[in-house]
Amino acid sequence: MFNDIGALELVTIVVLAILVFGPDKLPKVIQDVMGVIRKIRAFSESAKQDIRSELGPDFKDFEFEDLNPKTFIRKQLAENEDLREIRSSFDLRQELNEVTDAVNSRETEPAAAGTSAAGPDLLKKPAAPAAEQRTPFDADAT
């Protein structure tokens, strides 16, 4: 609950408590605060037990922490066998290697006539078209 309070903050709180309540009343105030915290915890536990008993035997193993969306999703992902199979069958490194090999044109079968089974080699520059195949260029039209 107070994981992010450092030593300096704790000392400051203690000094302020001594200044506000005084050294004589401070032990009584601490006891009262601890009693209130115990009552809140007992009330919370009894409410949890009442909810569990009202839900019935189907929800005997129900945990309130499962209502947190992060915990729920993590638990569902861990328990689902289909998702484990999908995750284990997906090999990102193998896919990445296949893509880099395809980009670098290092396929398993050599391509015939400059084309591969997947299509033309995009890394090679196309040959310049012959003069009669070029479209006429009109400098005034542009």
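All values reported here derive from a predicted model rather than from experimental measurement.

1. Looking at the overall build of the chain
The secondary structure content of the chain amounts to 4 helices and 2 strands. Counting from the amino terminus, the chain carries its helices and strands in the arrangement α-α-α-α-β-β. For the chain, buried positions account for 5% of its 142 residues. On the chain, roughly 13,500 Å² of surface is accessible, and the fraction owed to carbon and sulfur atoms is 61%.

2. Quick look at a nonpolar patch on the surface
On the surface, a cluster of nonpolar side chains totalling about 400 Å² of accessible area is made up of I5, L10, I13, V14 and I18. Within the secondary structure, I13 sits in helix 1 (residues 7–55). Judged by relative accessible area, I13 falls into the partly exposed class, the value being 47%.

3. With respect to the pattern of salt bridges
Pairing between side chains becomes possible if they bear opposite charge and their charged atoms approach one another. Applying the stated criterion to the full structure yields 2 salt bridges. Residues D32 and K28 are paired through a salt bridge, measuring 3.3 Å at the closest nitrogen-oxygen approach. Residue D32 and its partner K28 are located together in helix 1, separated by 4 residues, close to a single helical turn. The partner of E45 in a salt bridge is K48, with the nearest N and O atoms 4.0 Å apart. You can see E45 and its partner K48 sitting in helix 1, 3 residues apart, about one turn around the helix. Taking relative accessible area as the criterion, K48 reaches 23% and is therefore assigned partly exposed.

4. Looking at the confidence of the model for the chain
Counting all residues, the mean pLDDT for the chain is 78, and 77% of those residues have values of 70 or more. Considering each helix and strand of the chain separately, the mean pLDDT is smallest for strand 1 (residues 115–116), with a value of 49, and largest for helix 1, with 91.

5. Some points on the side chain of R52
With respect to the helices and strands, R52 occurs in helix 1. We classify R52 as buried; its relative accessible area is 19%. Apart from the residues lying within four places of it in its own chain, the contact partners of R52 are F62, E63 and F64.

Calculation notes
- Residues numbered from 1 in each chain as written.
- Predicted model: local features only at pLDDT ≥ 70, side-chain atom pairs only at ≥ 80, totals over all residues.
- Heavy atoms only, no water.
- Helix = DSSP H or I, 4+ residues; strand = E, 2+ residues; numbered from the N terminus.
- Buried < 20%, exposed > 50% of the residue type's maximum accessible area, 1.4 Å probe, protein only.
- Areas by Shrake-Rupley, 256 points an atom, 1.4 Å probe, with all protein chains shown as cover.
- Patch = residues over 30% accessible without salt bridge, like charges linked within 9 Å, V, L, I, M, F, W, Y side chains within 5 Å.
- Salt bridge = Lys/Arg side-chain N within 4 Å of Asp/Glu carboxyl O.
- pLDDT = per-residue confidence, 0-100.
- Contact = heavy atoms within 4.5 Å.

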